[in-house]
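Structural description and commentary
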Amino acid sequence: GVQNAGGILGDGSDGSRFVTPVQGIATITYRSSTVAGLVTVSASTTVGNSLTAVPAAITLLPGTASKLVVTAVPVGIPADNGVTNSILTAKILDVNNNTVYTDAGTLITFNLAGNMLGQGTLVDPGTGNSVTSCILNAVSGIATLKYQSGTLAMVSTITAVSGGLTAGTTNV
């Protein structure tokens, strides 16, 4: 059978299938799903009253990086002059929305739209300074920084960009 990240066996099933061995070898085709993760395929046989099972682990890796997705938590914060923060996270994803964890060291630039007096700011994690643009290295396909509240109640738009990837945007 197939467990965890999914996929299907050669006959289109996603569960158990009986295969008749040819010269002592049983073969089946496994087609992966679009979800990255660990899959376990098990082969078992019964000889007399004894059941022998042999599992095989298959790691489904994410595809090539194609886009950035940016989230803010929380999305809404009070205009309390820097007391409250929202955490911004940019993830590098493949076309199937799997985080590309193998993508380390990719530079991601966060840009804050507008520059209004009283607007919140990005906080550079290296210096702690308030900025409107910040470049970070992705770690395991993820880059994170803070958006710090200002004194003006408004919606701020933050965009993350990285060469060749579709940009991601969020609002706080």
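Notes on the structure in this doc start here. Just so it is clear, the structure is predicted and the values come from calculations on it, not from any experiment.

**Some remarks on the nonpolar core**
The biggest cluster of nonpolar side chains holds 22 residues, and the ones touching the most others in it are Leu88, Ile108, Phe110, Leu122 and Ile158. Those residues in contact with Ile158, other than ones at most four positions away along the chain, are Leu88, Phe110, Asn111, Leu112, Leu122, Tyr147, Gly168, Thr169, Thr170 and Val172.

**Section: the pairing of strand β14 (residues 168-171)**
As a general feature of sheets, a regular strand has side chains that alternate between the two faces. Judged by which residues are buried, β14 turns out to be one-sided: Gly168 and Thr170 face inward and are buried, whereas Thr169 and Asn171, on the alternate face, are not. Where strand β13 (residues 157-161) and β14 come together, four bridges link them in antiparallel fashion. Bridging from a neighbouring strand, Thr157 pairs with Asn171 of β14. The turn joining β13 and β14, which pair antiparallel and follow one another in sequence, is formed by six residues; a positive phi near 80° is taken by Gly164.

**Some remarks on unusual backbone geometry**
Comment: phi is negative for the bulk of residues other than glycine, and the bulk of peptide bonds are trans. Of note, the amide linkage connecting Val73 to Pro74 takes the cis form, showing an omega dihedral of -10°. With a phi close to 55°, Asn81 is a non-glycine residue in the positive phi region. Phi angles above zero are rare outside glycine, and Asn97 is one such case at about 65°. Looking at the element boundaries, Asn97 is found in the loop between β7 (85-93) and β8 (107-112). The partly exposed category is assigned to Asn97, whose relative accessible area is 49%.

What counts and how
Residues numbered from 1 in each chain as written. Predicted model: local features only at pLDDT ≥ 70, side-chain atom pairs only at ≥ 80, totals over all residues. Heavy atoms only, no water. Core = buried A, V, L, I, M, F, W, Y, C linked by side-chain atoms within 4.5 Å. Buried < 20%, exposed > 50% of the residue type's maximum accessible area, 1.4 Å probe, protein only. Contact = heavy atoms within 4.5 Å. Helix = DSSP H or I, 4+ residues; strand = E, 2+ residues; numbered from the N terminus. Pairing = 2+ DSSP bridges.

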